[in-house]
Amino acid sequence: MMSQMDKLFLALGAANAGTAVAFGAIGAHALKDRLSPKMMSVYHTGSHYHLYHALGLMLVGLLALQLPESSLMQWSGGFMLAGTVLFSGSLYLLAITGKGWLGAVTPIGGLSLISAWIMLAVGILQVG
């Protein structure tokens, strides 16, 4: 049986995947002539990481189904969601607005994503 947390991570992962595709399309069509090549690259990095971590969030949800006793699955999902918002969100905003201070937010999101993957690995290894 699927818990509310499993459903939440799977649904958020799916919603993030759809959002990542939409942001990618906006970048490819609406922004391609408005952003410099450097800022377009920044935007694409945000879009790629957004999609990868949407799939990662869905993986967390599926693994949480199999490992319901692992609190690390919940922590991993939370850090993955927060990291995606901070990392990809800051890159999207940096590319669109050119506000350099947003670049200071990106590493915080990156550390959150790294932490999420480590928690996921440890949670899997703890299974007896």
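Residues numbered from 1 in each chain as written. Predicted model: local features only at pLDDT ≥ 70, side-chain atom pairs only at ≥ 80, totals over all residues. Heavy atoms only, no water.

Orientation of helix 2 (residues 37-66) relative to helix 3 (residues 71-97), taken along the N-to-C sense of each, is 165 degrees, at an axis distance of 8 Å. Put simply, helix 2 runs roughly antiparallel to helix 3. Crossing hand, helix 2 versus helix 3: left-handed. Grouping the constituent residues of the contact of helix 2 with helix 3 by class yields 17 nonpolar, ten polar and no charged. (Axes fitted to C-alpha atoms, helices over the stretch in contact; angles between N-to-C directions. Helix = DSSP H or I, 4+ residues; strand = E, 2+ residues; numbered from the N terminus. Parallel < 35°, antiparallel > 145°, perpendicular 65-115°, else oblique. Left-handed = near helix turned anticlockwise from the far one by under 90°. Nonpolar A, V, L, I, M, F, W, Y, C, P; charged D, E, K, R; others polar.)

With that out of the way, let us pick up helix 3. Taking 1.5 Å of rise per residue, 27 residues should cover 39 Å, and helix 3 covers 38 Å from first to last C-alpha, within 8% of that figure. Immediately downstream of helix 3, the backbone of G98 shows phi near 75 degrees, a positive value. (Expected span 1.5 Å × (residues − 1).)

A contiguous nonpolar surface patch, about 480 Å² in accessible area, is contributed by V21, Y49, L51, Y52 and L55. Broken down by element, the residue count for the nonpolar patch peaks at four residues, all from helix 2. Mapped onto the fold, V21 is located in helix 1 (residues 4-30). Among the residues examined, V21 registers a relative accessible area of 52% and is labelled exposed. (Patch = residues over 30% accessible without salt bridge, like charges linked within 9 Å, V, L, I, M, F, W, Y side chains within 5 Å. Areas by Shrake-Rupley, 256 points an atom, 1.4 Å probe, with all protein chains shown as cover. Salt bridge = Lys/Arg side-chain N within 4 Å of Asp/Glu carboxyl O. Buried < 20%, exposed > 50% of the residue type's maximum accessible area, 1.4 Å probe, protein only.)

Closest axis-to-axis distance for the helix 1/helix 3 pair is 11 Å, and the angle between their directions is 15 degrees. What the angle tells us is that helix 1 and helix 3 run roughly parallel. As for how helix 1 packs across helix 3, the hand of that crossing is left-handed. Across the interface between the two elements, M5, F9, L12, N16 and F23 of helix 1 pack against M73, Q74, G77, G78, L81, T84 and Y92 of helix 3. Split into classes, the residues belonging to the contact of helix 1 with helix 3 amount to seven nonpolar, five polar and no charged. (Contact = heavy atoms within 4.5 Å.)

For the rest of this paragraph, the subject is the environment of K32. In this structure, K32 sits in the loop between helix 1 and helix 2. In this structure K32 comes out as partly exposed when scored by relative accessible area, which is 47%. Not counting the four nearest positions on each side in its chain, K32 is found in contact with G27 and M40.

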